[in-house]
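One-letter residues, chain by chain:
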Amino acid sequence: MSFASRFHPIPSALLLSMVALARLATAATVAPVSIKLDATAATLHTADKKTFHATVVNTTVTTVTWRVNKVVGGSALTGIIDQSGNYTAPTVVPSSNVVTVDAVSKADPTQIASATVTLLNPVPSISSFSVSEVNTATPFTLTVSGIGFTSSALLTFDDKTALTITSKSATQITVQGTSASAAGTQIHVTVTNPNPGATVSTAKTMAVTAPIAVVISPKTKTMRGLTTNKFTATVSNTNTKTVTWAVNGTLGGNATLGTIVSDGTYTAPAIIPATVTVTATSTADLSKSDTAQVTLQNPIPAIASATSPITAGANKSISITGTGFAQGAQILLGNSSLAVKWVSSSQLVATGTIQAPVGGVAALRVQNPNPGAAASNTMPVTIQNSGTVLSYAAAKRLLEHATWGPTPDSIAHLQSIGITAWLAEQFAEPESTYNLPIDTTSNLSTLQEQFFKNAVTGPDQLRQRVAFALSQITVVSGVKLPNYYQMMPYQQMLLNDAFGTYDSLLKDVTLSPAMGHYLDMVNNDIPTATQSPDENYARELMQLFTIGLVELNADGTPTTTPATPTYTENDVRAMARVLTGWTYSPCFAASKWTNAPCFQSPMIAVEAHHDNTAKLFLGATIQTGSAEGDLDLALRTIETSKGTQSALPNIAPFVALRLIQHLVTSNPTPAYISRVATVFAQSGGDLKQTVTAVLTDQAAGNDGSTLAANQGHLAEPVLFTVSLLRALNANTVYAPPLASYTTNIGQDLFVSPSVFNYYSPFYTLPGSSTVAPEFQILSQSTSFYRANYAYRAVQNQISSDIVIDLTNFAQLASDTNTATQSTSLTVMLNAVSQALLGEPMPPAMLSAIMPAMLATNDPNTRARNAVYLVAVSPQYQVQR
Amino acid sequence: MTSMKRNVFSRRFLLEKGFKLATTVGAAASLGHLGKISAFAETAPAGYKALVCVFLFGGNDSNNMVVPMSGAAASQYNTLRANLAIKNPLALGSTGYGLHPNMTALANLYSRGNVALNFNVGTLVTPLTRSQYQKGSGKAPANLFSHADQQQEWQTAAPLENLTTGWGGRVADLFPPATAQSCATGISVNGNSALLVGQTSRQASVSGDGFGLLGEDGSAATIARDAALQQIFKLDSGVTLVQASGNVLQGAIEMAALVKNAVSTTPLPATFPATSLGQQLSQVAQLIRSRTQLGANRQIFFASLGGFDTHTDQLNSQTALYQQLSDAVSAFSTAMADSSIDASTDVTLFTESEFNRTFQPNTNGGTDHAWGGHHLVVGGAVKGGLYGQFPTLVLGGDSDAESRGNWIPTTSLDQYCATLAQWFGVNNLLGVFPNLSNFSPNEYNLGFV
């Protein structure tokens, strides 16, 4: 307690004198108390400590009361002093920065020693930076840590960067600023405390680095919708490596633009935007970013499912689900042209006319347009014919019997109208015509080409088949008729007569100049002493064209055992005389005996050269007085001749057997022959009715009933070669040059080796009783030619004029995923089997062929080998 | 012309016509002697022998191939053959006969003793006289003047048409291939032949080009394709014709592999004419040259030429046909004799044809179907000369079955073929030629080879 505080102050001089006086008063007796400090002045920084010592003399009470600015113990403002004299400067310099520290003697409170303490701001020092470097020209936030920062301390960059202090404490100053120094500059950073005691801290250097940079990789990317790509953003010149991602400016993208996640993975949407820019922005400096240009392509479309089966016809729809369907996507479905309605990227609806393809299963694909046009996987779609009058298998069978082979269109048509209506259509169809001859030197090749063109494409299929069958009964051959002008009228005549009566056919054949020349009836003359009329035609007319060698029952079996011959050599000679007096029509000059060869009109009779004597022929007397009269009577006699035990004229089962063999089966049952022969006989030899009977008899198998083991016939070369083209829907532009192929396979068209045709109706398999006429020309070498024709067909190498397109099958075979390919290959093989065999592939055949499919990944090779193997298989070679 | 009785043909033909051949069930049942054939398979033969049949399809008018040049026959020939008579035959030494002028090369071969001419050979059931034929009191072959039937009978040696195997096939049955890798005994170079149809043996047929499957590129896909085809052949479809069809291609593939590995294609030591028969015989020569590689010790070949059905224009036709026949056979003979093949005495070539033709021409410059005719046998083992009995050239005479010179054969097909078969090594003659038993055993071998 200071004396001064209890009493109003006494001036010090007075005090001193009082004290002096007191001393004087007592001088004589005691020395006065006095106090002295060991320092009378000090300069301290905030928080500094100093210990004062007070020496008090002349008393035993040497304690003192320390005061700062006369406040005992000091204060936070001015500094604290404890009663041991330890003074701690305040942490903040007070507004008046000089304080007085005094000690008041407790012995004599009037005795006070004081010191003047000058307080100064601390010396700032920097210990650390929050960032070790700043990027040039980049706003930064820097927290400087250290000690001794006064509230007015200033942070200074020696490059004069303007700094805004955002927070300050004694140990931290946080500033923001942007340094313009170039990268590589070392900035000296100092903290400056103001007066009192203004000091600048020791500088700490701060590096200036290049600005933050963001680099995206890749800079450009082409990618498809529904795929992902991971972009990487490399941030340099900062330790903050994170970026934010945006797509076309939208952070994280969105469903329309595609999304991008924090690791930079961008997922392109199904419907691709026009342009996509991916941006990575540094979180450390939002002004720093980089972009990548993404070029988007449409996704690869994928079909998950499609409507199947579907019925062929107009205005049909297929709904297709999957992913990645771009607007403008097209549907590919075999040959069908479809309008596409885009519903969404996962659904399309295709509408249009749907055609059944070869084999009834179409490869469905979606084709996305550009950019990045691509096709989808293949989805097989079963296309069924709309017709229900007849099953597919039954229609195929009937068409094998009645045409040059089924086509997808012909099967569909027959299925929808049924056999009766189909036959009516065929009977009404105008006949195919050959071009008229233009000279007398052209050979048969153009005639052959026209034949094949008609066979592959002509509408009068049944007429052509029947005419060809007739051509193998009443045979003429290019061996002796090598020229177009000789052969063509005969072949046209067969087409013309195919649906007439057998009798009118025989008349036309007999008087045809081609036959007259071939079997030597032309210019046959009355016998002389040394020469007899030519027997050739007389014999073959009976043996091969009408009644055959032995008397037959209606069912084709011989009437007797041993068989009874139908005619004798006498009959042959008699008929040879009947057939005298005919010469070529007078095409070029006045008529005489004999006229020059003319093949465009029937032969004419010259009565003077006709044997008009009585001729005993098959029990009848032929003597009508004219050549034609004799001929007509002789033909009538042949047509009505029958064994005494036969129910029908021999000609009926004779013709019935041959028509059945050529159209349906080599081994008809006697009952089948009998039924057809009866129709022939009762209709007066009408070929329309007879052919109808052949085709529609229950034995022909149209009702799907099980066939006998020996039913069927080997497809003869002309039938095999044309059928394969039709089954595969081959396109032929001009005329298919198949003649060289059929010749190698054993049938030179129009050039039978003899009047006995290419093969005999009685030929049996070696060592067997099974009749198999066409096998007579199946040798090892012709079997190779059959296989090799099939090879050329699948390679599309038969001729430049024939186009066989196996694309649909190849597409169906395009699955190479080992988990699923066997299943999809089975679909393809069944379709091939459907096209060629009329039914799904028998399981045993499937097992045999599958390894060949799996031996390659090439869809074209798979398709070719599949079709080849089925076409070469005996199951296809033999028609049933 | 004697009148023909209607009952000439009422005699019993063992005809099985129509759509079934009732006795040809393929089993031994109806085959009589043939049923025992397998029990008499020949023992493995020594050396090598080959028969080469050249079938002249159409009915060769051999009346103009072998022409009498002296005595009554010559004048009868010139009179009756009239416009078709050959004026300048090639004389065969002093035999009194000549060959058609376009057969120079064959005439040469004859002069070297390598040609046997067999007169008046034809199908017979038993020896037959005109009287028996006319009266119907003897058996005659079935369907005498029908191409198809006579072709069949010449190849099956079954004049009553009760056999479906060919006599060459029956011989092949007796001489199966030596090993499983050997080639078939019977080989046709011109399509399927009825001659080589056997009971157990299967004829092979080769042709010059294209004998093999296309597309053999050695790739895995093709190898698998071929394997799949083999598997398909093994399927049992239950359908007779399907199985039969597969068997043919399968046999073809096997034969092709054999031929490819075994047969050399280097040029032959003779120039074969570029004619059909020339090329066929060149093929035969190639196969014979490679007989060791083929593992063959007995082979029967079938070649053929068509166009002999000369109802008209016979003179011109025969000019070309005989030229082709003569040149081709001659080239073949040269090849066989060459040291590189060295098979002259091992190979015997012979002709067949379904019938001769009417000695009397028709009004068309040609001839019609007849019966017995003359045939050639050519080879190094042949005992050259004339064999058999030349017909008496009188229309309606004792040699004539009918009235226009249809010669009744005086040598049966069976005897002719049995002679060849014996040379070949067949002992069981009646097994191969059941009809032979109708002839005298001391005429089973005519001695020309």
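Now for a quick tour of the structure. (Residues numbered from 1 in each chain as written. Chains lettered and ligands numbered in written order. Predicted model: local features only at pLDDT ≥ 70, side-chain atom pairs only at ≥ 80, totals over all residues. Heavy atoms only, no water.)

Observations regarding the packing of aromatic side chains
Part 1 of the argument: Tallied over the full model, the rule gives 34 aromatic pairs over all chains.
Part 2 of the argument: Ring geometry for Tyr584 of chain A versus Phe599 of chain A: centroids 5.6 Å apart, planes at 55°, classification tilted. Of this pair, Tyr584 of chain A sits in the loop between β41 (582-583) and β42 (604-605) while Phe599 of chain A sits in the loop between β41 and β42, and the two are 15 residues apart along the sequence.
Part 3 of the argument: Judged by centre distance (5.8 Å) and plane angle (40°), the ring pair of Trp167 of chain B and Phe350 of chain B falls under tilted. Within this pair, whereas Trp167 of chain B is found in helix α5 (residues 167-174), its partner Phe350 of chain B is found in strand β9 (residues 347-353), the two being separated by 183 residues in sequence. Of the two residues examined, Trp167 of chain B and Phe350 of chain B, each falls in the buried class.
Part 4 of the argument: Three or more aromatic residues joined by ring pairs form one cluster here, namely Trp154, Trp167, Phe350, Tyr387, Tyr416, Phe433 and Phe448 of chain B.
Part 5 of the argument: We note Arg658 of chain A situated over the ring of Phe654 of chain A; from NZ or CZ to the ring centre the distance is 3.4 Å.
Part 6 of the argument: In this arrangement the basic side chain of Arg291 of chain B is found over the ring face of Tyr48 of chain B, its NZ or CZ atom lying 5.1 Å from the centre. (Phe/Tyr/Trp six-rings, centres within 6.5 Å; stacked < 30°, edge-to-face > 60°. Helix = DSSP H or I, 4+ residues; strand = E, 2+ residues; numbered from the N terminus. Buried < 20%, exposed > 50% of the residue type's maximum accessible area, 1.4 Å probe, protein only. Lys NZ or Arg CZ within 6 Å of the ring centre and 35° of its normal.)

A short note on the pattern of salt bridges
Part 1 of the argument: Within this structure, the stated rule accounts for 21 salt bridges over all chains.
Part 2 of the argument: Taking the shortest distance from any N to any O, the salt bridge between Glu216 of chain B and Arg225 of chain B comes out at 3.7 Å.
Part 3 of the argument: Through salt bridges with shared partners, a single network forms among Glu535, Arg539 and Glu569 of chain A together with Asp368 and Arg404 of chain B. (Salt bridge = Lys/Arg side-chain N within 4 Å of Asp/Glu carboxyl O.)

Points about the pairing of strand β30 (residues 276-282) of chain A
Residues and elements named next belong to chain A.
Part 1 of the argument: Among the seven residues that make up β30, six are buried, leaving the element largely enclosed by the rest of the structure.
Part 2 of the argument: Pairing of strand β25 (residues 243-247) with β30, which is carried by five bridges, proceeds in the antiparallel orientation. Opposite Val243, over in β30, you have Ser282 as the bridge partner.
Part 3 of the argument: Pairing of β30 with strand β31 (residues 289-297), which is carried by six bridges, proceeds in the antiparallel orientation. Bridging from a neighbouring strand, Val276 pairs with Val294 of β31. (Pairing = 2+ DSSP bridges.)

A short note on the layout of surface pockets
Residue and element names in this part refer to chain A.
Part 1 of the argument: Considered as a void within the structure, the second largest pocket measures approximately 830 Å³ in volume.
Part 2 of the argument: Surrounding the second largest pocket, 39 residues form its lining, Asn335, Val358, Pro408, Asp409 and Asn729 being those nearest its centre.
Part 3 of the argument: Where the lining of the second largest pocket is concerned, the elements lending two or more residues are β35 (330-333), α4 (408-428), α5 (445-457), α16 (717-727), β46 (731-732) and α19 (807-812).
Part 4 of the argument: When residues of the lining of the second largest pocket are assigned to their parent elements, the largest contribution, seven residues, is made by α4.
Part 5 of the argument: Its residues assigned to classes, the lining of the second largest pocket comprises 16 nonpolar, 18 polar and five charged. (1 Å grid on protein atoms, 1.4 Å probe; cavity = no way out; pocket = protein on both sides within 12 Å on 5 of 7 lines; lining within 4 Å. Points joined across faces, edges and corners; volume = space filled by probe spheres on them. Nonpolar A, V, L, I, M, F, W, Y, C, P; charged D, E, K, R; others polar.)

Quick word on helix α22 (residues 859-872) of chain A
Part 1 of the argument: Between the first and last C-alpha of α22 of chain A there are 20 Å, a value that for 14 residues agrees with the 20 Å anticipated at 1.5 Å per step.
Part 2 of the argument: When we look at burial in α22 of chain A, the residues that qualify are Arg862, Ala863, Asn865, Ala866, Val867, Tyr868, Leu869, Val870, Ala871 and Val872 of chain A. (Expected span 1.5 Å × (residues − 1).)

Here's the deal with the state of the cysteines
All names here are of chain A.
Part 1 of the argument: Under the defined criterion, the tally for this structure stands at one disulfide over all chains.
Part 2 of the argument: For Cys587, the disulfide goes to Cys598, at an S-S distance of 1.8 Å. Disulfide Cys587-Cys598: torsion about the S-S bond near -65°, hence left-handed. With Cys587 in the loop between β41 and β42 and Cys598 in the loop between β41 and β42, this residue pair connects regions lying eleven residues apart in the sequence.
Part 3 of the argument: Judged by its relative accessible area of 27%, Cys587 falls in the partly exposed class. (Disulfide = S-S within 2.5 Å.)

Here's the deal with the sheet that holds strand β5 (residues 64-68) of chain A
Hydrogen bonds along the backbone pair up the strands of a sheet, which may run parallel or antiparallel.
All names here are of chain A.
Part 1 of the argument: Pairing in this open sheet of five strands is mixed, and the strands run β2-β11-β10-β5-β6 from one edge to the other. Among the strands making up the open sheet, the edge pair consists of β2 (41-45) and β6 (71-72).
Part 2 of the argument: Relative to strand β11 (residues 112-120), strand β10 (residues 98-105) is paired through seven bridges, and the arrangement is antiparallel. Across the sheet, residue Val98 finds its bridge partner in β11, namely Thr118.

So, the sheet that holds strand β7 (residues 74-75) of chain A
All names here are of chain A.
Part 1 of the argument: A sheet is described by the order of its strands in space; here four strands give the open sequence β3-β9-β8-β7, paired in antiparallel fashion. Here the strands that pair on one side only, and so sit at the sheet edges, are β3 (49-51) and β7.
Part 2 of the argument: Strand direction decides the pairing type here: β7 and strand β8 (residues 79-81), joined by two bridges, are antiparallel. Across the sheet, Ser75 pairs through a bridge with Gly79, a residue of β8.

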